[in-house]
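# Summary of the model geometry
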Amino acid sequence: MTDSVSTAIDSRVQWHTCMYDKKNYLNGFELRYETNSATTSTTRGISAQPTTTTTTTTTAQTTNDSIAQVESIMQMLHDTEITGGKDSFSKKSNNNDNGSDDEDIYYNWSDDDFISHNIGGDDAGNGNAAGTDATYIQNSDQMFESQNPILSEEECFDIIQEARDTIAQGLLKEQQEEEEKSQQNNNNSEQGQQQQQQRASAISNSQLGEARLSNMPKTRAWLQDTLQSRFFPLLKSRFGVDDLVLYDGLVLGNQAPSRSQPIHRDASLLTLNVALSRLEDFEGGGTYIEVLDDTLKINQGHLLCHAGSVMHAGVGINKGERWVFVLFVLGESQPQFSRRCHAQALECIQDRQLKQAEEVLQTGLRVATNDHLLHNTMGRLHLMRQDPKMAIKSFQSADNAYPVCQKAMVSIAQILIESRRPRAALRRFNLVLERINNRDLQPDSQMSLKGLAFGARRDAARCALLCAQYNYEKQQQQKQQQNDDDPMMMMEWNRVHLAVAIDRMKTCLNAAPNEPNLLGMLDRAEFLFKEAQQ
Ligand SMILES: O=C(O)CCC(=O)C(=O)O
Ligand SMILES: [Fe+2]
């Protein structure tokens with residue numbers, strides 16, 4: 001186990017030293033985005049998995065030794081990031097190469113400088129909204145938004161400018177490499193020339209993307225001062241931590257139309273998000289906070305900061321351009337074992353090293369019993385091993401830890417459908433839809449919520465239809481046999497549940513008019529409903 005984990009770690013360490021290598025770069029991108037990974041496709045994927053590795057479905061016993069090993073590897077990763085962060089971003093003496101002679105102001109932040117958003121879950125402590133590292137920071141159940149700009153218009157402009165150049169250079173480099181490759185293939189052919197023209201126009205359209213701080217020397221130099229004078233004191237004033245190290249940062253640029261990010265937690269203890277564009281520069285956008293089910297939109301130069309483990313997503317825009325500056329900050333004495341274990345487990349799963357993945361997940365759960373992402377991924381792992389019972393247990397733990405997200409409960413319902421238990425599945429879908437409470441039908445609701453609710457309504461209706469059909473057939477048989485067991489009860493069930501199911505199908509048809517499956521289901525449900533009324 002240790003070997004494979006070490007190999008994976010080597011490749012991640014390498015990623016930090018080689019930021020623009022595309023493969024590793026994407027790898028890092030995925031690590032930054034730890035999403036609620038229990039999805040429908042995972043459930044459907046069961047039959048596609050090789051069966052040779054699925055014979056042992058028992059839970060591997062994690063020994064104290066392997067826990068210690070995993071923990072020491074995670075600690076090593078943390079130390080590497082801390083050292084890397086200090087090397088890249090800490091202030092060097094006489095370093096003022098950002099062209100500005102201004103003495104920066106050492107702000108004294110007070111509560112009045114911020115609007116705070118309570119993300120603490122419900123009164124019973126459910127929700128785990130600030131994540132498992134919350135105990136390390138004060139006010140972890142709050143997100144803070146600055147009342148005033150933290151960066152000047154000029155500073156925002158300069159950062160965007162450098163990010164644009166960095167992204168364009170990256171694209172250019174990529175395209176040159178591709179050109180070299182394709183030139184070898186179709187030297188001077190007409191097709192080759194056409195491709196070159198297409199590439200040239202792609203550059204002039206200034207495709208946006210993300211620029212990493214490691215490729216932005218000017219912004220990095222400017223940050224060495226600004227971190228100490230503005231950002232770290234600000235974070236200390238809000239979260240009471242003073243062993244902060246900037247580990248990584250990016251400038252994200254979106255051009256309309258752009259899609260929302262997946263809901264994720266960051267690879268950070270604390271995250272700073274500074275708006276570089278003015279609100280009037282785009283439509284849509286903002287940062288969606290899952291536990292609030294709300295999108296926070298801040299104006300140019302303003303800042304939003306939160307525990308990295310708060311589930312959130314940058315929202316797509318439908319007009320204009322939106323730039324944000326995101327800084328990922330670590331606490332030197334907080335190695336964040338659980339999120340590191342999760343990231344590691346995802347890599348092991350990707351490499352189909354399921355046993356290793358389980359060991360790492362179990363180690364994470366030892367230190368963070370309430371980490372919903374660890375439970376979710378454990379559920380996925382059980383499904384890959386064709387162990388639906390254990391999967392349901394893990395998804396249930398994920399749901400208990402973070403009932404804000406409905407994906408774990410939907411996964412349970414889907415497992416129950418596959419196990420031919422539509423009535424039990426329907427109860428889970430009902431719970432999901434009760435919790436969503438039609439929020440997805442609001443005009444500004446998130447696409448991900450819309451998608452999840454659409455699926456839950458459709459599948460709930462399908463389950464109700466299956467049960468109603470069963471009741472109907474039973475009633476018909478009993479009529480023939482003149483054996484009056486209790487058809488009234490069954491018809492009462494059909495009346496109540498089909499009415500709800502028909503309503504749900506109609507709601508789905510509003511979003512997907514003329515969808516043939518839904519129309520067929522609706523037809524059948526209306527017939528059964530009429531029969532139940534007689
Ligand atoms: O676009 C935003 O507001 C959020 C960006 C973000 O969450 C990220 O890049 O990790
Ligand atoms: Fe993020």
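As recorded by an unreviewed UniProt entry, the protein chain carries the name Fe2OG dioxygenase domain-containing protein and is attributed to Fragilariopsis cylindrus CCMP1102.

### Digging into the overall build of the protein chain
Each helix and strand counted, the protein chain has 16 helices and 13 strands in total. Considering only contacts in the protein chain between residues 6 or more positions apart, those separated by 24 or more positions represent 78%.

### A look at helix α10 (residues 372-384)
Helix length check: α10 (13 residues) gives 18 Å between terminal C-alpha atoms against 18 Å at 1.5 Å per residue, within 8%. Most of α10 is tucked away: 13 of the 13 residues are buried.

### Examining the site of ligand 1
As a matter of local geometry, ligand 1 sits amid 10 residues, with Asp266, Thr287, Gly314, Val324 and Val326 nearest to it. Listed by contribution, the elements that provide at least two residues to the shell around ligand 1 are β12 (312-314) and β13 (317-331). For the shell around ligand 1, the per-class residue count stands at 3 nonpolar, 5 polar and 2 charged.

### Quick look at unusual backbone geometry
A cis amide bond links Ala256 with the next residue in sequence, Pro257, at an omega value of -5°. Along the chain, the position of Pro257 falls in the loop between β5 (244-255) and β6 (264-265). We note that Arg352 has phi near 60°; this positive angle belongs to a residue other than glycine. Along the polypeptide, Arg352 turns up in the loop between α8 (337-350) and α9 (354-367).

### Overview of the UniProt feature "domain: Fe2OG dioxygenase" (unreviewed entry) in the protein chain
Within the UniProt annotation, "domain: Fe2OG dioxygenase" (unreviewed entry) is assigned to residues 230-331. For residues 230-331, the end-to-end C-alpha separation is 17 Å, with 10% helix and 51% strand making up the annotated structure.

Thresholds, definitions, all that
- Residues numbered from 1 in each chain as written.
- Chains lettered and ligands numbered in written order.
- Predicted model: local features only at pLDDT ≥ 70, side-chain atom pairs only at ≥ 80, totals over all residues.
- Helix = DSSP H or I, 4+ residues; strand = E, 2+ residues; numbered from the N terminus.
- Contact = placed C-beta atoms within 7 Å.
- Expected span 1.5 Å × (residues − 1).
- Buried ≥ 20, exposed ≤ 12 C-beta atoms within 10 Å, placed from the backbone.
- Near = placed C-beta within 6 Å.
- Nonpolar A, V, L, I, M, F, W, Y, C, P; charged D, E, K, R; others polar.
- UniProt positions renumbered as here; feature names shortened; annotations may be inferred.

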